[in-house]
Amino acid sequence: MSRMGDVLAGFHAAWEFESDSVLIRYERGIRTPKLFQALGERRVPIEAISGVTLSPGRRGTVVLRAELRAGADPLLEAAAGQLKEGCDPYRLVLPAERETLAEYYADELRTRLKDDGEPAERHLVDAPEAPRQFKAYDAKASFDGRTVNFRWFWTGASSAKWKAGDQSFPVTELSGVEWRSPEVFEGHLRLIRRDGTAVPAQPDQDPAAVVFGLGYGPVHESLPFAAAVLAAVRQNGAAAVPAGPVRRDPADIAERIRHLGELHQAGLVTDEEFSVKKAELLAEL
């Protein structure tokens, strides 16, 4: 940027512009999204940014947003597009009277971008640091930087998980993570194993997954956890060796679709939710 250390403060966050990066510091106020408070701050290298936009916001505001290259941030990779607009860590909301200043910084950033449209070959933004832990509905999940541990709760874990016993997964045996937001239909965190063995379609039957419930596995706890695990998997080189596809049991898929249909007929699932979830299940065959 033209002057190192320039700061643009908005609602819930402030962006500090450096010569080779943007340091985003999140507020800890009661109105600040919990995910922002959990992240604290993020340093985003210029090379991780693919574009910058400035658009009108709501109620007399403007929104400055940094668009990151695919694969540059483990947090966004784990989120897989499921974050709500208000929890986008790269979206800075400003009073409308700061639009001219925001446009200046947007233009300054654009002149430094060298993105060629290709995904990043590695994570360019640091993941949330380990150790991390959170309570899911059926287990306590913990990660020390090397191993993920699931300790089942007798009040929530299925009989299949109790039969399998508490689980430990070294990151060297994993190829990735599957995070489904607790704010959408049936949230969970599933560890994807490198051996590609068939796993149950339903996360509550999979010893390599924990399921979320009301107050269990909230976004600000489970997503940074997933991002930390994903980053560790990449750093250990698991991604360099293509893992076999995760194969679902066709019988489990059929049972899951049947149950989904019952929820749909009962009016507990909308037409759109039914169609989307059914397509996801069929794609796992």
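Since we're looking at a predicted model, the values are computed, not measured.

Here we take up the overall build of the protein chain. In terms of regular secondary structure, the protein chain is built from seven helices and 14 strands. A total of 285 residues make up the protein chain; the buried ones form 46% of that total. Within the protein chain, counting contacts between residues at least 6 apart in sequence, those at least 24 apart form 59% of the total. Only carbon and sulfur atoms are counted for the fraction: they give 50% of the accessible area of the protein chain, which is about 14700 Å².

Turning our attention to helix 5 (residues 219-235). The end-to-end C-alpha distance of helix 5, which contains 17 residues, comes to 24 Å, matching closely the 24 Å that a straight helix rising 1.5 Å per residue would cover. Of all 17 residues in helix 5, 13 are buried; the element is thus mostly enclosed. Positive phi shows up at G237, right after helix 5, with a value of about 80°.

Mapped onto the secondary structure, F169 falls in strand 11 (residues 167-170). The sequence separation of F169 and A208 amounts to 39 residues, and the corresponding C-alpha distance is 8.3 Å.

So, about the pairing of strand 2 (residues 13-17). In terms of burial, strand 2 is a largely internal element, five of the five residues being buried. Here strand 2 shows a buried face lined by A13, W15 and F17 and a second buried face lined by A14 and E16. Between the antiparallel neighbours strand 1 (residues 6-9) and strand 2 lie three residues, among them H12 with a positive phi of about 75°. Taken together, the five bridges between strand 2 and strand 3 (residues 21-26) define a ladder with antiparallel strand orientation. Among the inter-strand pairings, A13 is bridged to a residue of strand 3, identified as Y26. Between strand 2 and strand 3, which pair antiparallel in sequence order, lie three residues.

This next bit is on the nonpolar core. Judged by nonpolar contacts, the single largest core of 64 residues is most densely connected at L64, V148, L189, V210 and V229. Per-element tally for this core: the top contributor is helix 5, with 10 residues. Excluding its chain neighbours within four sequence positions, the residues that come into contact with L64 are L8, W15, V52, T53, L54, Y90, R91, L92, L94, A102 and A106.

With that out of the way, let us pick up the side chain of S181. By secondary structure assignment, the location of S181 is in the loop between strand 12 (174-180) and strand 13 (188-193). Among the polar contacts listed, one links the side chain of S181 to the backbone nitrogen of E183, at a separation of 3.1 Å. Every residue in contact with S181, bar those within four places of it in the chain, is listed here: Q82, G187 and V219.

Spatial ordering of the open sheet is given by 1-2-3-4, a layout of four strands whose pairing is antiparallel. This sheet does not close on itself; its edge strands, each paired only once, are strand 1 and strand 4 (41-45). Adjacent strand axes in the sheet meet at a mean angle of 20°, parallel and antiparallel pairs treated alike. As paired elements, strand 1 and strand 2 share four bridges and run antiparallel to each other. The residue bridging D6 from the neighbouring strand is F17, located in strand 2. Across the face of the sheet, helix 3 (residues 99-112) comes into contact with strand 1, strand 2 and strand 3 while running at roughly 130° to strand 1.

Attention now moves to the confidence of the model for the protein chain. Detail in the predicted coordinates should be disregarded across regions flagged by low pLDDT. Averaged over every residue, the pLDDT of the protein chain is 88; the share at 70 or more is 88%. The low-confidence segment residues 238-246, where pLDDT is below 50, has 15 contacts with residues more than four positions distant or belonging to other chains.

Turning our eyes to something else, we now look at the packing of aromatic side chains. Counting across every chain of the model gives 10 aromatic pairs. Centre to centre, the rings of F134 and F225 are 5.0 Å apart; their planes meet at 80°, and the pair counts as edge-to-face. Of this pair, F134 sits in strand 8 (residues 132-135) while F225 is found in helix 5, placing the two residues 91 residues apart along the sequence. Both residues of the pair, F134 and F225, count as buried. Pairing Y137 with Y216 gives two aromatic rings, centres 6.0 Å apart and planes at 85°, and the pair type is edge-to-face. Within this pair, whereas Y137 is found in the loop between strand 8 and strand 9 (139-143), its partner Y216 is found in the loop between strand 14 (209-211) and helix 5, the two being separated by 79 residues in sequence.

Moving on, we come to unusual backbone geometry. At the junction of A130 and P131, the peptide bond is cis and its omega measures out at 5° in the coordinates. Mapping P131 onto the fold places it in the loop between helix 3 and strand 8. Notably, A80 is not glycine yet its phi reads approximately 50°, a positive angle. Checked against the element boundaries, A80 lands in the loop between helix 2 (74-79) and strand 7 (91-95). A80 sits in the exposed class, given a relative accessible area of 53%.

Criteria and cut-off values
Residues numbered from 1 in each chain as written. Predicted model: local features only at pLDDT ≥ 70, side-chain atom pairs only at ≥ 80, totals over all residues. Heavy atoms only, no water. Helix = DSSP H or I, 4+ residues; strand = E, 2+ residues; numbered from the N terminus. Buried < 20%, exposed > 50% of the residue type's maximum accessible area, 1.4 Å probe, protein only. Contact = heavy atoms within 4.5 Å. Areas by Shrake-Rupley, 256 points an atom, 1.4 Å probe, with all protein chains shown as cover. Expected span 1.5 Å × (residues − 1). Pairing = 2+ DSSP bridges. Core = buried A, V, L, I, M, F, W, Y, C linked by side-chain atoms within 4.5 Å. Polar contact = N/O pair within 3.5 Å; in protein donor to acceptor, adjacent residues only side chain to side chain. Axes fitted to C-alpha atoms, helices over the stretch in contact; angles between N-to-C directions. pLDDT = per-residue confidence, 0-100. Phe/Tyr/Trp six-rings, centres within 6.5 Å; stacked < 30°, edge-to-face > 60°.

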